[in-house]
Amino acid sequence: MTLMYHIIVNKKSQSGRGEKLWPVIEGELERRRTEFRVYPTKYRGSARETAARLTAKGVWNPDDVLLAIGGDGTANEAVDGITSLSDVKFGYIPTGSGNDFARGAGIPSDPLQALEAVLKGEEKEINIGTALLGSQKRRFLVSTGIGFDAGICHEALASKIKNTLNRLHLGKLTYVMIALRQLFYLEPFTLDAALENGEHRSFENVLFAVAMNFPYEGGGFCFCPKADDQDGLLDLCVVNNVPRWKFPIIIPFALKGKHGGFKGVDQYRASRIEIRTSTPCWVQTDGEIPGKLDRIELTVEKQKIRFIV
């Protein structure tokens, strides 16, 4: 049976960069006489629906490859839609503005180099996180956060200036400007974290908390430098009791994962984390916003996905 690549393409990623890159990728696939089918995304949630349909029991061939082309949100939706993780070989070509999954997973930023890695077909099994958000259940590849980081994601998704800056290859400035505004208006909150070993931690004046499967989020911030996608655990970073004037000093250190030495930056590791907050806060899963919540439960899926590196 011929190997088939089922390709979910978000042509609108990074304000249309995906549309420019897709003909290059398509041309290379045709040059190599690769068997593939294309499923362009049409709206938010489209990649999730397509992945669910393609990987349905009795439909999916475990020898085929599900390939996502887009930003972190596209990869997130595709994985979230998969029916049975262990039955799927998953590949990814980054064309977004943040590309934190690609950065953490060691995927080349050049699309043809990333395609070469996919076609080579070398696999490893990686963990997938799960966030229980009220009645919703969402998988995540990179992180789930609550508070400051999620507020930035929420505002960025609705930002009109983001498209303009992306076209100028200055998309990260969007997040910098929004972060400064969010920092000024953000109301700190109280947070209680329960870990699977019965350990409980309480924090006052929290700016944000994030549970991570890979080290990077937010366009390159290494909030959890020891996060390992194969250890069956999530790494939790809680920033609390940090004066607002000091936070901009800490942030540059987070780009290199050197922020852990600052007072008010607490880190833990667990396979299950339950978070409760004193007030509903914005929540993000791989940069997607399910809403405002005051309770989230984070775990690691029992099944691993066969990821093509």
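See the structure shown above.
Reference entry: report on the structure contained in this document. No experiment lies behind these values; they were computed from the predicted model shown.

Our next topic: the packing of helix H2 (residues 46-54) against helix H3 (residues 72-81). At a minimum axis separation of 7 Å, H2 and H3 run at an interaxial angle of 35°. For the element pair H2 and H3, the recorded crossing hand is right-handed. Where H2 abuts H3, its residues Ser46, Ala47, Arg48, Ala51 and Ala52 lie against Thr74, Asn76, Glu77, Ala78, Asp80 and Gly81. For the contact of H2 with H3, the residue count by class is four nonpolar, four polar and three charged.

The subject of this paragraph is unusual backbone geometry. With a phi angle near 55°, Asn99 is a residue other than glycine that sits in the positive phi range. You can see Asn99 is positioned in the loop between strand E4 (89-94) and helix H4 (100-105). Phi angles above zero are rare outside glycine, and Asn241 is one such case at about 55°. Relative to the assigned elements, Asn241 resides in the loop between strand E11 (234-240) and helix H9 (247-254).

Okay, H3 next. Turn by turn, an α-helix covers 3.6 residues, leaving residues three or four places apart pointing in a common direction. H3 sits mainly inside the fold: ten of its ten residues count as buried. The set of residues buried in H3 consists of Asp72, Gly73, Thr74, Ala75, Asn76, Glu77, Ala78, Val79, Asp80 and Gly81.

Our next topic: a nonpolar patch on the surface. Residues Trp245, Ile249 and Phe253 make up a contiguous nonpolar surface patch of about 350 Å² in total accessible area. Here Phe253 lies in helix H9. Under the relative-accessibility criterion, Phe253 is labelled partly exposed at 40%.

This part takes up helix H5 (residues 111-120). Among the residues of H5, Pro111, Ala114, Leu115, Ala117, Val118 and Leu119 are the ones counted as buried. Two or three places before Leu112, at the opening of H5, Asp110 has a side-chain oxygen 3.1 Å from that residue's backbone nitrogen. Gly121 occupies a position one or two residues after H5 and carries a positive phi of about 80°.

Okay, the side chain of Glu28 next. As for its placement among the helices and strands, Glu28 is situated in helix H1 (residues 13-31). For Glu28, a relative accessible area of 16% gives the class buried. One polar contact links Glu28 to Arg32, side chain to side chain, over a distance of 2.9 Å.

Moving on: the state of the cysteines. Across all of its chains, the model carries zero disulfides by this definition. Lacking any disulfide linkage, Cys153 is separated from the closest cysteine sulfur, that of Cys281, by 14 Å. For Cys153, a relative accessible area of 15% corresponds to the buried category. In this structure Cys224 is a free cysteine whose sulfur lies 5.1 Å from that of Cys237, the closest cysteine sulfur available.

Time to look at the environment of Lys226. Mapped onto the secondary structure, Lys226 falls in the loop between strand E10 (200-212) and E11. Take Lys226: its relative accessible area is 65%, and that puts it in the exposed class. In this view, Lys226 contacts Asp235 and Arg269; residues no more than four positions away in its chain are not counted.

Attention now goes to the sheet that holds E4. Here we have six strands laid out as an open sheet, ordered E2-E1-E3-E4-E15-E5, and mixed in their pairing. Bordering the open sheet on either side are strand E2 (36-40) and strand E5 (123-126), each of which pairs with just one other strand. Going across the sheet, the axis of each strand differs from the next one's by a mean of 30°, ignoring polarity. Alignment of E4 against strand E15 (residues 305-308), held across two bridges, turns out to be parallel. The residue bridging Lys89 from the neighbouring strand is Arg306, located in E15. The sheet contacts of H5 involve strand E1 (5-9), strand E3 (65-70), E4 and E15, and relative to E4 the element is tilted by about 170°.

About the thresholds
Residues numbered from 1 in each chain as written. Predicted model: local features only at pLDDT ≥ 70, side-chain atom pairs only at ≥ 80, totals over all residues. Heavy atoms only, no water. Axes fitted to C-alpha atoms, helices over the stretch in contact; angles between N-to-C directions. Helix = DSSP H or I, 4+ residues; strand = E, 2+ residues; numbered from the N terminus. Left-handed = near helix turned anticlockwise from the far one by under 90°. Contact = heavy atoms within 4.5 Å. Nonpolar A, V, L, I, M, F, W, Y, C, P; charged D, E, K, R; others polar. Buried < 20%, exposed > 50% of the residue type's maximum accessible area, 1.4 Å probe, protein only. Patch = residues over 30% accessible without salt bridge, like charges linked within 9 Å, V, L, I, M, F, W, Y side chains within 5 Å. Areas by Shrake-Rupley, 256 points an atom, 1.4 Å probe, with all protein chains shown as cover. Salt bridge = Lys/Arg side-chain N within 4 Å of Asp/Glu carboxyl O. Polar contact = N/O pair within 3.5 Å; in protein donor to acceptor, adjacent residues only side chain to side chain. Disulfide = S-S within 2.5 Å. Pairing = 2+ DSSP bridges.

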